[in-house]
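Below, each chain spelled out in residue letters.
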Amino acid sequence: MASELLLQIRECVVKGDQATTLHFVQQALDSGLGPMQIIEEGLTPGMHVVGDKFSCGEYFIPHLVMAARAMQAGMKAVEPELKKRQQAVKGAGTAVIGTVHGDIHEIGKSLVGVMLSANGFEVHDLGVNVPVESFVAKVQETGAGLVGLSSLLTTTMVVQRQVIQAFEAAGIRDRVKIMVGGAPVKQGWANEIGADGYAEDATGAVELAKTLAQAG
Ligand code: B1M
């Protein structure tokens, strides 16, 4: 039953059907499935199928847009449950996150943001296509100790390096911990550009953020 529901959620994302995605996500929640299981075993695998279909020329941009809307509808439904279940630690720290300039992929970045805030971080989500200087300005304004940079395109990964360089140029690199992520990003890239950490997924991002916040 559970695996059938997760399969249906996946299929609805692949079809880009918002209403039905929402319906099955709600049914999954009602039947006691956990929010992370719904995200990781239903919604996200659906997006991977969509990505594969796009790669092989079966899907085009409108399919990606519709699938993203379906996934976002599902995410909205699981968000309250996600927040309820997380163990919020008061005063975990302040984080500034965003998808770097030139890149408009928002779902993974938003998931990281929701998970961080569910775990007690005060999150300033700058959105997508964020100019390099905006990260620096927001840190100066809020005093945030953590910066999260998301990048889904191989062509925009370099902007993560530019953001780190901008913090150096502003003379405040030692005041922030910078973590990077996104599908094409790997630990080796994080090392190469001098980031403080890399996480593969949203759960890993929360663990990393907690570790970096403690390291202060
Ligand atoms: Co685009 N896209 N897209 N896309 N898109 C990818 C990324 C792609 C892999 C598809 C493919 O070819 N198979 C490919 C990139 C290839 C590459 O460079 N390696 C691609 C391309 C090429 C493009 C365009 C260039 C297409 C074009 O115009 N010709 C274009 C670029 C636009 C731009 O940004 N300038 C484009 C556009 C779009 C849409 C706008 C249509 C849409 C996004 C809509 C939206 O976000 N509102 C879209 C979508 C939906 C995708 C796929 C299908 C799905 C992305 C997604 O939401 N995944 C994607 C294929 C794929 O990923 N398999 C694809 C679900 C999400 C939960 O996962 O974002 O990976 P993800 O986030 C994960 C982890 O990566 C990690 O945690 C998250 C949760 O586990 N993570 C972090 C993410 N950020 C993190 C930050 C951290 C830590 C972890 O710390 C700070």
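Residues numbered from 1 in each chain as written. Predicted model: local features only at pLDDT ≥ 70, side-chain atom pairs only at ≥ 80, totals over all residues. Heavy atoms only, no water.

> What am I meant to see in the packing of aromatic side chains here?
Centre distance and the angle of the planes are the two values used to describe a pair of aromatic rings. For the coordinates displayed, the defined rule picks out zero aromatic pairs. The ring of tyrosine 59 has lysine 53 lying over it, and the distance from NZ or CZ to the ring centre is 5.6 Å. (Phe/Tyr/Trp six-rings, centres within 6.5 Å; stacked < 30°, edge-to-face > 60°. Lys NZ or Arg CZ within 6 Å of the ring centre and 35° of its normal.)

> Before we go on, may I ask you to explain the coordination of the cobalt atom of the ligand in this structure?
Put simply, a metal with four donors set out as a tetrahedron has ideal angles of 109.5 degrees, and one with six donors set out as an octahedron has ideal angles of 90 or 180 degrees. Exactly one donor from the protein chain reaches the cobalt atom of the ligand: His105 (NE2), at 2.2 Å. Here histidine 105 lies in the loop between strand E1 (93-99) and helix H5 (107-118). (Donors = N, O, S within 2.8 Å, 3.2 Å for Na, K, Ca; no water. Helix = DSSP H or I, 4+ residues; strand = E, 2+ residues; numbered from the N terminus.)

> Quick question: what am I supposed to make of the layout of surface pockets here?
A water-sized probe, rolled over the atoms, reveals where empty space remains. In this model, the largest pocket occupies a volume close to 1,600 Å³. Forming the walls of the largest pocket are 48 residues, and the residues nearest its centre are His105, Ile107, Gly108, Leu152 and Ala183. Of all elements in the fold, only helix H3 (35-55), helix H4 (61-85), E1, H5, strand E3 (146-150), strand E4 (177-181) and helix H9 (202-215) reach the threshold of two or more residues within the lining of the largest pocket. (1 Å grid on protein atoms, 1.4 Å probe; cavity = no way out; pocket = protein on both sides within 12 Å on 5 of 7 lines; lining within 4 Å. Points joined across faces, edges and corners; volume = space filled by probe spheres on them.)

> Is there a simple way to think about the sheet that holds E4 in this case?
Pairing is parallel across the open sheet formed by five strands, whose spatial order is E2-E1-E3-E4-E5. The open sheet has two free edges, formed respectively by strand E2 (121-125) and strand E5 (197-198), since each of these has just one partner strand. For E4 and E5, the ladder comprises two bridges, and the chain directions are parallel. The partner of methionine 179 across the bridge, within E5, is glycine 197. Packing against the sheet, H9 makes contact with E2, E3, E4 and E5, and its axis sits at approximately 165° to E4. (Pairing = 2+ DSSP bridges. Contact = heavy atoms within 4.5 Å. Axes fitted to C-alpha atoms, helices over the stretch in contact; angles between N-to-C directions.)

> Where do I start with the site of the ligand in this structure?
Among the 36 residues in the neighbourhood of the ligand, the closest are listed as Ser55, Ile104, His105, Glu106 and Ser150. Histidine 105 places a polar side-chain atom, nitrogen or oxygen, 2.8 Å from a nitrogen atom of the ligand. Interatomic distance of 2.8 Å between a side-chain N/O atom of serine 150 and a nitrogen atom of the ligand. Of all the cavities here, the one that holds the ligand is the largest pocket. (Near = heavy atom within 4 Å. Polar contact = N/O pair within 3.5 Å; in protein donor to acceptor, adjacent residues only side chain to side chain. Sits in = over half its atoms within 2 Å of the grid points.)

> What is the right way to read the pattern of salt bridges from this model?
Side chains bearing opposite charge may pair, as long as their charged atoms lie close to each other. Applying the stated criterion across every chain, the model contains eight salt bridges. Of the charged contacts in the structure, one is a salt bridge between lysine 53 and glutamate 58, with a shortest N-O distance of 2.9 Å. (Salt bridge = Lys/Arg side-chain N within 4 Å of Asp/Glu carboxyl O.)

> What is the right way to look at the nonpolar core in this model?
Across soluble globular proteins, you tend to see nonpolar side chains buried next to one another. Ranked by internal contacts, the top residues of the largest apolar core, which has 43 residues, are Val25, Ile38, Ile39, Leu43 and Leu116. When contributions to this core are tallied by element, the ones reaching two or more residues are helix H1 (2-15), helix H2 (18-30), H3, H4, E1, H5 and H9. Ignoring anything within four residues of it in the chain, the contact list for valine 25 reads Ile9, Ile38, Leu43, Gly74, Ala77 and Val78. Listed in part, the 26 residues of the second largest apolar core include Val100, Val132, Val147 and Phe167. (Core = buried A, V, L, I, M, F, W, Y, C linked by side-chain atoms within 4.5 Å. Buried < 20%, exposed > 50% of the residue type's maximum accessible area, 1.4 Å probe, protein only.)

> Would you mind showing me how to read helix H6 (residues 132-142) here?
A turn of α-helix holds 3.6 residues, and therefore any two residues three or four places apart point the same way. Every buried residue of H6 is accounted for by Val132, Phe135, Val136, Lys138 and Val139. Around the axis of H6, the buried residues are gathered within 165° of arc, so they sit on the same side. In H6, those exposed residues whose orientation departs by more than 90 degrees from the buried face are Glu133 and Glu141. Where H6 is buried, its residues contact E1, E2, E3 and helix H7 (157-169). At the C-terminal side of H6, glycine 143 shows a positive phi close to 75°. (Arc of directions from axis to C-beta.)

> Explanation requested: the side chain of glutamine 160 in the structure shown.
Inspection of the secondary structure assignment puts glutamine 160 in helix H7. Residue contacts for glutamine 160: discarding those within four places in its chain leaves Val100, Leu149, Ser150, Ser151, Val180, Gly181, Val185, Trp189 and Ile193.

> I tried to follow H9 on my own but got confused; where do I start?
With 14 residues, H9 extends 20 Å between its outermost C-alpha atoms, agreeing within 8% with the 20 Å of an ideal straight helix rising 1.5 Å per residue. Here H9 has its buried residues at Ala202, Ala205, Val206, Leu208, Ala209 and Leu212. Here the buried residues of H9 occupy an arc of 170° about the axis, which is enough to place them on one side. With respect to the buried face of H9, the exposed residues turned more than 90 degrees away are Thr211, Gln214 and Ala215. Of the surrounding secondary structure, the elements contacted by the buried residues of H9 are H5, E2, E3, E4 and E5. Of the residues trailing H9, glycine 216 is marked for its positive phi of about 55°. (Expected span 1.5 Å × (residues − 1).)

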